[in-house]
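Structure assessment
Here is how the chains run, residue by residue.
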Amino acid sequence: MRIDVVTIFPGYLAPLREALLGRAIAAGLIDVRVHNLRDWTRDVHQAVDDAPYGGGPGMVMRPQVWGEALDDVLGDEPARLIVPTPAGVPFTQATARRWKDEPRLVFACGRYEGIDQRVVDEYASRMPVEEVSIGDYVLVGGEVAVLVMVEAVARLLPGVLGNPQSAEQDSFSDGLLEGPAYTRPVVWRGREVPAVLRSGDHGAIARWRRDRALERTAKRRPDLLAALPEDALDQRDREF
Ligand SMILES: CN1CCC[C@H](Cn2ccc3ccc(-c4n[nH]c(N)c4C#N)cc32)C1
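Residues numbered from 1 in each chain as written. Predicted model: local features only at pLDDT ≥ 70, side-chain atom pairs only at ≥ 80, totals over all residues. Heavy atoms only, no water.

1. Remarks on the overall build of the protein chain
What counts, and what does not: By definition, any uninterrupted DSSP run of H or I lasting at least four residues is a helix, any uninterrupted run of E lasting at least two residues is a strand, and each is numbered from the N terminus. The rule is simple: take the accessible area with a 1.4 Å probe, protein chains only, and divide by the maximum for that residue type; under 20% is buried, over 50% is exposed, in between is partly exposed. The contact rule is simple, with two residues in contact once any of their heavy atoms fall within 4.5 Å. Note on areas: Shrake-Rupley with a 1.4 Å probe; residue coverage comes only from the protein chains shown. In this tally, Lys and Arg are treated as positive and Asp and Glu as negative; His is ignored, and so are the chain termini. The atom standing in for a charge is NZ when the residue is Lys, CZ when it is Arg, CG when it is Asp and CD when it is Glu.
Helix and strand content of the protein chain: eight helices and nine strands. By residue count, 42% of the 240 residues in the protein chain fall in the buried class. Counting contacts in the protein chain only where the partners sit at least 6 residues apart, residues at least 24 apart contribute 73% of the total. Counting every atom, the protein chain has about 14000 Å² of accessible surface; 52% of that belongs to carbon and sulfur. Charge separation in the protein chain, taken as the distance between the mean sites of 30 positive and 37 negative side-chain charges, equals 8 Å.

2. Thoughts on the site of the ligand
As a reminder, the rule being used: Throughout, the term near means that a residue has one or more heavy atoms lying within 4 Å of the molecule or strand in question. In protein, a polar contact means a hydrogen-donor-capable atom and an acceptor-capable atom, both N or O and within 3.5 Å, with residues adjacent in sequence counting only if both atoms are side-chain atoms; elsewhere, any N or O pair within 3.5 Å suffices. Note on residue categories: nonpolar means Ala, Val, Leu, Ile, Met, Phe, Trp, Tyr, Cys or Pro, charged means Asp, Glu, Lys or Arg, and polar means any other residue, Gly included.
If you check the shell around the ligand, you find 19 residues, and the closest are Glu 113, Ser 133, Gly 135, Tyr 137 and Leu 139. Tyr 137 places a polar main-chain atom, nitrogen or oxygen, 2.6 Å from a nitrogen atom of the ligand. Protein chains shield 84% of the accessible area of the ligand, which is 540 Å² for the free molecule. At three residues, strand β5 (residues 80-90) tops the list of elements feeding residues into the shell around the ligand. When grouped by side-chain class, the residues that make up the shell around the ligand number 10 nonpolar, seven polar and two charged.

3. Re the pattern of salt bridges
Here is the rule: Just to be clear on terms, a salt bridge is a Lys or Arg side-chain nitrogen sitting within 4 Å of an Asp or Glu carboxyl oxygen.
Within this structure, the stated rule accounts for 20 salt bridges. Lys 100 is paired through a salt bridge with Asp 101; the nearest N and O atoms lie 3.1 Å apart. By relative accessible area, Lys 100 is classed as partly exposed at 28%. Here Arg 207 makes a salt bridge to Asp 211, at a shortest N to O gap of 3.0 Å. Of this pair, Arg 207 and Asp 211 both sit in helix α7 (residues 202-220), four residues apart, which is roughly one turn of that helix. Judged by its relative accessible area of 25%, Arg 207 is partly exposed. In this structure, a network of salt bridges that share partners links the residues Arg 207, Arg 210, Asp 211, Asp 234 and Asp 237.

4. Observations concerning the nonpolar core
Under the convention used in this document: We define the nonpolar core as a collection of buried residues of types Ala, Val, Leu, Ile, Met, Phe, Trp, Tyr and Cys that are connected through side-chain atoms lying within 4.5 Å of one another.
Counting residues in each nonpolar core, the largest one holds 29 residues, and the members touching the most others are Ile 3, Ile 30, Trp 99, Phe 107 and Met 149. When residues of this core are traced back to their parent elements, those giving at least two are β1 (2-7), α1 (19-26), α3 (93-99), β6 (104-108) and α5 (143-154). With sequence-adjacent residues up to four places away left out, Phe 107 is seen in contact with Ile 3, Asp 4, Val 5, Val 6, Ile 82, Trp 99, Val 146, Met 149 and Val 150. With 22 residues, the next largest nonpolar core counts Leu 37, Val 65, Trp 66 and Val 106 among its residues.

5. Here's the deal with the sheet that holds β1
Keep this limit in mind: In this description, strands pair whenever DSSP reports at least two bridges between them. Fitting a line to C-alpha atoms yields each axis, with helices limited to the stretch in contact; the angle taken between N-to-C directions then spans 0 to 180 degrees.
Ordered in space as β2-β1-β6-β5-β7, the five strands form an open sheet in which the pairing is parallel. For this open sheet the edge positions go to β2 (31-36) and β7 (129-133), each flanked by a neighbour on one side alone. Neighbour-to-neighbour, the strand axes of this sheet turn through a mean angle of 30°, independent of strand direction. Here β1 pairs with β2 via six bridges, running parallel. The residue bridging Val 5 from the neighbouring strand is Val 34, located in β2. Lying on the sheet, helix α4 (residues 117-124) is in contact with β5 and β7; it crosses β7 at an angle near 135°.

None of the figures reported here should be taken as evidence of function without further support.
Right, here's the structure in full:
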């Protein structure tokens, strides 16, 4: 997969080159290119924003510079354009799973009050464009959202995670939150690891883990339980 990110703060994307993702990039599993939007400005001040039509607080990012940048970055290679925005469709694990099969993702990171809407409209007329949000809170720009989304997608790519089973057993992969995890020592500050996890009874362990996931999901995210398909829970599951 090729990933392009257009931003006025390229340094914000430096974490992509660290640790697991950095190793995947170095191994050629992912091709990540970060572009400075200001490289496409033509004025001495490298202006990328202007006052909003209709008034209101803040500034809006100008369409001209975004058009020249995206025309160049996109070239002729098919891609999906992703525009982070608090007004976007929620980004979920299902989104990450859908995007992992894309040959190329191009992320447009807005700042200020966002990007002139005509940029999205222009590119949506010729390619897949998605305006997405990573959560119901307001950030200062799109870069952090891109870090989140790129990590969520990249970890699903073959060879990126050391243990591919980890992605298959993700939180949300069965629609439930993950339950608690434990490791050595068996007792820590007087708190003991649940005996079932040390029993060697894999059936009992699987049941215990599902029960804890159901319990946690019912308590913290009842909306996820309600969204499960009818046949996803058996009678016993419904006791939580
Ligand atoms: C007060 N204004 C309101 C409009 C947005 C302004 C800041 N901003 C500019 C570009 C931009 C891109 C994404 C996000 C963002 N915020 N929260 C999320 N879940 C996001 C996502 N994905 C925020 C952004 C601040």
